[in-house]
Every structure is written in structure tokens, then in C-alpha cells.
6 protein chains.
Amino acid sequence: MKRVIVYPGSFDPVTYGHLDIIKRALKICDQLIIAVSSNPTKKSLLSLRERILLLKETIKEMKDVRVEEFDGLLVDFLKRKGVRIIIRGLRAVSDFEYEFQMVLANRKLDEKTETIFMMPTEAYFYLSSSLVKELAGLGADISRYVPKFVEEKLKEKISHAKSQKKTF
Amino acid sequence: MKRVIVYPGSFDPVTYGHLDIIKRALKICDQLIIAVSSNPTKKSLLSLRERILLLKETIKEMKDVRVEEFDGLLVDFLKRKGVRIIIRGLRAVSDFEYEFQMVLANRKLDEKTETIFMMPTEAYFYLSSSLVKELAGLGADISRYVPKFVEEKLKEKISHAKSQKKTF
Amino acid sequence: MKRVIVYPGSFDPVTYGHLDIIKRALKICDQLIIAVSSNPTKKSLLSLRERILLLKETIKEMKDVRVEEFDGLLVDFLKRKGVRIIIRGLRAVSDFEYEFQMVLANRKLDEKTETIFMMPTEAYFYLSSSLVKELAGLGADISRYVPKFVEEKLKEKISHAKSQKKTF
Amino acid sequence: MKRVIVYPGSFDPVTYGHLDIIKRALKICDQLIIAVSSNPTKKSLLSLRERILLLKETIKEMKDVRVEEFDGLLVDFLKRKGVRIIIRGLRAVSDFEYEFQMVLANRKLDEKTETIFMMPTEAYFYLSSSLVKELAGLGADISRYVPKFVEEKLKEKISHAKSQKKTF
Amino acid sequence: MKRVIVYPGSFDPVTYGHLDIIKRALKICDQLIIAVSSNPTKKSLLSLRERILLLKETIKEMKDVRVEEFDGLLVDFLKRKGVRIIIRGLRAVSDFEYEFQMVLANRKLDEKTETIFMMPTEAYFYLSSSLVKELAGLGADISRYVPKFVEEKLKEKISHAKSQKKTF
Amino acid sequence: MKRVIVYPGSFDPVTYGHLDIIKRALKICDQLIIAVSSNPTKKSLLSLRERILLLKETIKEMKDVRVEEFDGLLVDFLKRKGVRIIIRGLRAVSDFEYEFQMVLANRKLDEKTETIFMMPTEAYFYLSSSLVKELAGLGADISRYVPKFVEEKLKEKISHAKSQKKTF
């Protein structure tokens, strides 16, 4: 039987930190589903469609990975897919308590669900999508953190946001 | 002389984690005043009146507890009530520094004030009002975290919010 | 009925940080019992008798406090005394998880037991008996951290330890 | 050659915690440049001009310090000034991971940049600009945390904000 | 191909916290090898043989788990077994940095090695072998933390240790 | 006037993490004194003389650095040298509270003393002398962590320790 793991997140945008976890996750499963949250209450810079496209481009050379969106509860998505294992990256102490809260909440919603954590490589310990957006907003070179096409998309988005601000 | 303790918070909404602290607090005092902050700068999902009503319903079988609202500084509320002891629940490391900041600020505003901390039961270590609202927004069963009438109120509020979003 | 609280510890030696907690504890109870652990598996610099004498000297002007030793489990001491409330000082994040472990263990040993935490004043946030002993061992002035007679006892102990090392 | 250090921040508003770091920084350099971020994506209560004026007033008796604004990336500001050393205050564990993220990001943007950290005095461990604004908003006395003219400016700003709220 | 995971530790003694991780680990692999460290530089209360016997007794009803000892580097044990995945339980923030240090050290010793983390159930967040030994030494009931035969072995060990102390 | 900074520690043994801090420190001062503690109460694997020799070998190509030993209080060493600034590396959250305790203690012993912190490169975040000794004891390749001659010294020390254990 194929061992499938779900890697959920908002990926706003995908970074090399996410890619590092994706590659590590593939060592411990047969198939990885990257589940992009469409959660409309969390504001994202990129639309759901943009976040998914960037992820698909990022993984296009990789086998055994696919990208899907999910709406509502993660445990319901897992049930629909017949998957029980969630993977999350764990970087710094500040991640820790939020992640534990999620593990416990998900276990209570569906006790068959298990979450496993993996550590990215040191270079990505302090990398997050928020940092990337903040740096891009300040005009910094972010090519160490995200693929080329993500950098371009972010810059386009940000210059668009700025021109809108000016106009209205 | 009666020993009175104040348990302040925004209770947006009250959870079983709060109830756990209320019960423990009653073991160390004669009377507990739950002080609901009306602080208008913090956005709450529920109105002050709703938060108070849900708290009153939650404690209606309990003796020696009452619910009051307060406006402005907590130390001024304490002075008006002639109370010197504040109680707060302490769950995770992330609570810790925020709570310490509050203790020190309150001591500086009124050095007679003392704050004591108690730990909830393990099942509520990672429970917070924010988590409950987020789960309710995603349609999850939150009956392990809040009383029935709180769950109903939250669902009503959230469906109202959604229908408003659709309309406008 | 008198409200009694137990303040347990090894007090090897008592510091101004302990004294700060003792004074705060007295604001929330009628009587405080300082319970000095005789636990022979933890190595202490001072003997149980010395630790108790220094504590007694420290609190000799204070009403409603007394010093006792205890052997074995703290919850058994509480039962013998008919007391249910433990107080502990909480200083830094590194205290936090150890203290939580103790709270949970004590609750499991006797569910009637409750532990409350109080914060010392900022000046004592990073003060501990170990620091005091380390500084005394290096010949530092520790009069900001402990009463005069504690400083003298420590110096006597430490010079005795040194002369013994030389001899044998 | 003069040793120059840059102390960056938003200073919204300057507090005695910042002043403590400024004084300590002056012990390890010949000149300190306080670099006030004009970053328009972070909402500040005070305008850039107001934040700079309050800082200038705060340091007016001090030699070897000056206040400048910066726009965009801090590393670009450092290059323009020919400075390589950044100083930041480090207070609590919660600062820690954010600051480390910044150090690593700045090193990647310009590897010549170095960041050094200093600790404020204990009394300011839990002091932040946010706390000061929150307390001022509740009408508290904040004279222990900020100079007189900062307190006045904050009160003026806040009463203005309130009267605006009422009107619209 | 069978997916095998190694769960390393000193298990001095095995607790219900370890058992919780063992059960969760079995959900994500085909076979689990519990690798008991014989590391002679860490002092253990129980001998390697005793630790292994207690583990074997604990898992005797479980399929797909076996207990082995290892000497020297964990990565060398993994190579001999042809296994690449290590599992560790992650409980509290204090575990976090130690575990990260181990992950990084193991990756540097053999980059093919991956470590995954799982969280035990809340009831075991603050449970450790050290706590169990400390409580047993004080005569506490530890039946909530370890199987019956572990409790008996510990008591036997501890009373033996005491009688030896008396004699010499 | 020359700006001198003291970098204190036990350096048991010096690692590439220390070397990283030494190089960074040299960017912010004219001269660096590495102060090796002879503190006899802390057990070290290497003798004071060995620790100093390895440090001297490590820095032999570097200008403006020298190695000295100190005995007793660090603040007294600083006074004798006429130096006021201490530098320490800050790696992980677990360092944080210990380092803060030291800063505060040193300030109380001599208020002119200032401590500054710098972060090593990510690759050395979780590197410590203890880890190096533990890995060397298990026969691991530690060439990523320490210079060649440190590795050799450690191996010699450890094999000597083993042969002694066998004999007695």
C-alpha cells in the first residue's frame, strides 16, 4: 500500500524552506500531497491560484508530489483523501507552541490523524514567507530564499500594490 | 475578612480553559470576581454584553463567583473593589513573557497589587479563545472546548458574519 | 478558617529572591509554612540544619511564617499539615517547564493540591541559590543577594571546603 | 578612525528602554547614529517626523549621537553611511528569534554587516513601545517609561484619535 | 520494500511516554527498531540488560517492534541496519534545542539520515525517565507513568541502593 | 585609544564556533583578549594549559588577539587589564537566560562593565564544546567542528581516559 503524507500550509509564497521540507518528506513516504489552504479569513498577498501555480512550478521536476487546495478543516481533507499523516517543518522555538496547538486540535477532531515534524537545513531556520515578503517589499534581493519565478511574481504583485496605493 | 480575587480577561468567548482556572481559583479565595475588559481598542468577535452573558451562564451553578465589566485600567477597577489580588492562567511559554510584562506594569501602576498564576489541566494547555474561534469558523466541532450555549452563540455570530460578507 | 500556604524548596541558601516571594505570599494567606526539603539525593552545600537556621534568622522579625523540614513527598507533608496550597516563585522561562512538571506530578499524586506562582521583583529575576554559591566561591561580594549572616555562613563553608581539599 | 554604530528601529515612541541602550552603545563606539525607519508598511501611531523630533529631544544633551531617517533596506543605509555595525537591545526570549532572523537576513544581504546586542537594565526588560501606547490609551501614568514630552505627545495623539472616532 | 524506523534512547527506564511514541511510530512505518544506547559515559540507574528486558516486556504483545542495543554512534548503527529514519518524541520547549543539536550532528555525520519528531499525548508532556526515578526514590506511586514491572524493578533497584549506602 | 574587548570562557576545547565569534569580535575592536577561566570548581576534560595551547595554535595567524588565563572573578580580570567590554556568543534560546544572569551579575559586581553579544554563523548554532567532546568520545569525525590539532588532542585525551579506566 502506498504511504501518502499531506504537507499543509498557506505557501504565500513557497520558499526554499518549504522545498527543503518537501524533499525530506519524500524520503519517508511514497507520495506527498501539498495541501494549500484557501482559508479566506487569513489574508494572503497572493491569491490561492497564484500560490498553487508557484508551487506547481517549484515541484515540476519532482516525482510523487502533487499540489491540491483545501477548504475548511484539514482533517476533512485528509479523510477525503484517505490520508492520516501530516508533515510540518519545525524551525524555531516560536513555531513550537503553535504547531503543538495544531497537533492537539487535529487529534481531537480526528484521533487517527498523526503529525510528524522535520527540521529544515540550518540555512532556512529563520526563513519564513513573511520575511520574504517583507524583504521583497523593501526591494531586497531574495534569490537566496525563493526560486526566480517566485521572486518575479512577488515583485510584480508588490509594484502593483504600490501603484494602486498611489492612484487611490 | 473575605478574601477576594479578580480574574481579568476579554473572554471572547469563555472556554473550558477559563472554567478550569475559575474552579481552581475558588479553592484559594472566598470570592472571585471575573472582570471582563470592555477595552474598545482590542477587536472582539462578541460584544461586551454577549461575553458577559456567556460567562454568567457558564458560572450560574457556582457560588462565590460574579461577573463584572471594567473599563480603563485594571488597577483602577481593583481599587474601586478594594481588591489586591489578580489571578491569571498560565499555559505555555508564549504566555509567559506577556504575563510578566503585565505583572510588572500593574505593580508599577499600583504596588499593592499582586498577581498569582495557576496552571490549567493538561487538556487545556493549548486551548485559547482564538483557537476556538478559528475552529468554529472552519465548521469544526468545538464541544470539547466550550459549553453548548457558547458553541451556539459562536456559530450564530459566524454565520451572521458570513451572510453579511455575501450581502455587501 | 486560617488560610495556610506551603512554600517548599531546598533553600541552599535562602536568598533575597526567596524573601521577596515570602513577603508576597504573606499578602495572600494567613500563615506561611516554609518547607525545607531534606532530600538526601540532591547534594546541598549547607546541611539541612544550617539551611533551616539561616531561614529562621531571615524571617525572625516576620509574623505568620514558620520553617519546617520535610522528608519524602511534598504532598504527604501537605496532608500531614492539612494544607492544600503550594506557592512557588517563577522567574525565567527556564523555570517554567520544570515547575509545570512538578505541578502536574503533584496533582497526580494528590488531586486536591493546588500550586500558585508569583513573580519576584525584577532585580531578582536572574538570582538563584546556585549563582550565589558560584559567586561566593569566586570571592565576590554577594551582599546584594543574601542577608549578612548567610554571606558569612557561605564564606565559612567555602573556606572550610578549600582547606579540606588542600589537606586530603 | 572613528568607530560608528547604527541603532535602527521604529521608535514609536522612544522609551527609557531605548535610552538605556543608547547610553550603553556610546560606551563601545565613538559615534552613534539612531536610524529611524520610515517603512510605510508598518503602521505607526506617530508620524516619522514626530518620532524623529521626540528622539532628538531625548538625546539633546548627549554628545556623539545623531538621529537620521532611513527608507528601504537597513544594509543600504549602512553602505551610504560607510558603517558596518548595527546595535540592537535584547530583552526577552520573545525578542530573540525575531532578532536572529534579522541578523541572518542582513548578513545575507551584505556579509560585511555585523550586529551586536546589549541588554537593558532589568527595570526595562519588559518595556516596549507597544506597552507604552497601550497604557497611555488606558489613561495610565507612563512617566516611568518615557520622558515627559513623549508622554504629552502620546496623550495629545490619543485624545485626537478618540475625538476623531467620535465624530465619524 | 519495508519501511523501518529506529527509535533511539537510553530508556532508563521505559515510561508510558515512550510507549505512546512507539505506538504512534508504528502508524507511519512497517517496522520499528528500539535502539537502546549502551553509552557507558552516561550514568544510568538500570544496567543495559535491565533496560532492554523492561522494554521487551513492555512491547511483548506488539508486532513489528524489536529491541536492540547499540554502542558508539547512532548513525553507524543505522548504517549496519540499512535504516535512514530516526524518530524522537518532542515534548516541551526544553527538549527542542537538544534535539535540534542531535539532528544537525547526525546529518553532518551521515547526510542520508533523517529525523522525524512526534508529540506524545498531553498527559505525557511533562513525563520523563528522570521524573519517574525521582518520584520512585521518594516512595511515590508511579503506576500512572510506567508499567507494573517497571515500577517493581525501580523499587528493587532503589531499595538495594539504599541498603548499600547504609552498609558502607 | 585602543579599544580592547575580552572574550571569556572555558574553551574546553576551542571550536570553530568560538573561532567564528573571535573573527567577528575583531571587526568591532582593536584588540581581543581571550580570557580562559581556570575555575577549578568546573571540571574540564583538558587542563588549563592544554586549553590555552590549543587556543594559541588556533589564533596563531591572527593579529590583535592574545590568550590569557584568569582566576577568580571576571570583573577583577577586566579591572587589572583596564578593559570594560566583554563579548559572548549567543546561539540558542537556552544560552539566553544563563548569559543574562551573567550580564546582570557582572554589572552588579562592577557597573562599568558592559557585555555585548554576537551571533555565530548558522552552521555553528548548535555547536558546543560539550557536543564535540561527546562526539569524540563516540569515535565520530569531528573535523567539521574543530581544527585538526584539537581533534588529535581530544582523541589522545579520550583514549588515555579509557585506558586508565581499564586499568583501575
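Criteria and thresholds
Residues numbered from 1 in each chain as written. Chains lettered and ligands numbered in written order. Predicted model: local features only at pLDDT ≥ 70, side-chain atom pairs only at ≥ 80, totals over all residues. Heavy atoms only, no water. Contact = heavy atoms within 4.5 Å. Buried area = accessible area lost by both parts, 1.4 Å probe. Salt bridge = Lys/Arg side-chain N within 4 Å of Asp/Glu carboxyl O. Polar contact = N/O pair within 3.5 Å; in protein donor to acceptor, adjacent residues only side chain to side chain. Helix = DSSP H or I, 4+ residues; strand = E, 2+ residues; numbered from the N terminus. Buried < 20%, exposed > 50% of the residue type's maximum accessible area, 1.4 Å probe, protein only. Phe/Tyr/Trp six-rings, centres within 6.5 Å; stacked < 30°, edge-to-face > 60°. Nonpolar A, V, L, I, M, F, W, Y, C, P; charged D, E, K, R; others polar. Least-squares fit on C-alpha atoms with pLDDT ≥ 70 in both.

### Here's the deal with the interface of chain D and chain B
Move 1: Taken together, the contacts link 15 residues of chain D with 12 residues of chain B.
Move 2: Carbon and sulfur atoms supply 60% of the area buried between chain D and chain B, which totals about 1,300 Å² over both sides.
Move 3: Inspection of the chain D/chain B interface yields zero salt bridges.
Move 4: Between the two partners, chain D and chain B, sit two residue pairs in polar contact (both at pLDDT 80 or more).

### Here's the deal with unusual backbone geometry
Move 1: The omega torsion across Asp12 of chain D and Pro13 of chain D is 5°, close enough to zero to call that bond cis.
Move 2: With respect to the helices, strands and loops of the structure, Pro13 of chain D is situated in the loop between strand S1 (4-9) and helix H1 (16-26).
Move 3: A positive phi angle, close to 65°, is found at Asp64 of chain C, a residue other than glycine.
Move 4: Summarising the element assignment, Asp64 of chain C is placed in the loop between helix H2 (48-58) and strand S3 (65-70).
Move 5: Residue Asp64 of chain C is classed as partly exposed on the basis of its relative accessible area, which comes to 39%.

### Description of the pattern of salt bridges
Move 1: In total, this model carries 96 salt bridges over all chains according to the counting rule given.
Move 2: Measuring nitrogen to oxygen at the nearest pair gives 2.7 Å for the salt bridge that ties Lys108 of chain D to Glu122 of chain F. With Lys108 of chain D in helix H4 (residues 93-109) and Glu122 of chain F in the loop between strand S5 (114-118) and helix H5 (129-137), this pair bridges two chains.
Move 3: By relative accessible area, Glu122 of chain F is classed as buried at 12%.
Move 4: Between Arg66 of chain F and Glu68 of chain F there is a salt bridge; the shortest N-O distance is 2.7 Å.
Move 5: Exposure remark for Glu68 of chain F: the relative accessible area of 17% places this residue in the buried category.

### Considering the side chain of Thr113 of chain A
Move 1: Within the secondary structure, Thr113 of chain A sits in the loop between helix H4 (93-109) and strand S5 (114-118).
Move 2: In contact with Thr113 of chain A, other than residues within four places in its own chain, are Val75, Leu78, Arg84, Ile86, Asn106 and Arg107 of chain A.

### Quick word on the environment of Leu55 of chain A
Residues and elements named next belong to chain A.
Move 1: Examined against the element boundaries, Leu55 turns out to sit in helix H2 (residues 48-58).
Move 2: Judged by its relative accessible area of 0%, Leu55 is buried.
Move 3: Those residues in contact with Leu55 that lie beyond four places of it in its chain are Phe11, Val14, Ile34, Val36 and Val67.

### As for the packing of aromatic side chains
For any pair of aromatic rings, the description consists of the separation of the ring centres together with the inter-plane angle of the planes.
Move 1: The tally for this structure, following the rule as stated, stands at 36 aromatic pairs over all chains.
Move 2: Ring centres of Phe125 of chain A and Phe100 of chain E lie 5.5 Å apart, and the angle between their planes is 50°; on these two criteria the pair is classed as tilted. Within this pair, whereas Phe125 of chain A is found in the loop between S5 and helix H5 (129-137), its partner Phe100 of chain E is found in helix H4 (residues 93-109), the two belonging to separate chains. Phe100 of chain E shares its class with Phe125 of chain A; the two are buried.
Move 3: Between Phe125 of chain C and Tyr126 of chain D, the aromatic rings sit 5.9 Å apart at their centres with planes inclined by 75°, giving edge-to-face as the arrangement. Placement of the pair is Phe125 of chain C in the loop between strand S5 (114-118) and helix H5 (129-137) and Tyr126 of chain D in the loop between strand S5 (114-118) and helix H5 (129-137), with the two residues belonging to separate chains. Comparing Phe125 of chain C with Tyr126 of chain D shows no difference in burial state: the two are buried.
Move 4: An aromatic cluster is defined as three or more aromatic residues linked by ring pairs; in this entry it consists of Phe100 and Phe117 of chain A, Tyr126 of chain B together with Phe125 of chain E.

### Quick look at the interface of chain E and chain A
Move 1: Opposite the 30 residues of chain E that make contact, chain A presents 30 residues.
Move 2: Carbon and sulfur atoms supply 62% of the area that chain E and chain A bury against each other, a total of about 2,600 Å² over both sides.
Move 3: The tally of links between chain E and chain A comes to eight salt bridges.
Move 4: A salt bridge links Glu114 of chain A to Arg24 of chain E; its shortest N-O distance comes to 2.6 Å.
Move 5: Inspection of the chain E/chain A interface yields 15 residue pairs in polar contact (both at pLDDT 80 or more).
Move 6: Elements supplying a minimum of two residues to the side of chain E that touches chain A: H4 and strand S5 (114-118) of chain E.
Move 7: At eight residues, H4 of chain E tops the list of elements feeding residues into the side of chain E that touches chain A.
Move 8: Split by residue class, the side of chain E that touches chain A holds 16 nonpolar, two polar and 12 charged.

### Some words on the relation of the copies chain E and chain A
Move 1: Least-squares fitting of chain E to chain A yields an RMSD of 0.0 Å, with the transformation described by 0.0 Å of translation along the axis and a rotation of 180°. The symmetry that links the two subunits is that of a two-fold axis. Proximity to the rotation axis, assessed at the C-alpha, singles out Phe117 of chain E in chain E; its C-alpha lies 2.5 Å from the axis.
Move 2: With an isologous cut-off of 70% or more, the 100% of interface residues of chain E that recur at the interface of chain A puts this contact in the isologous class.

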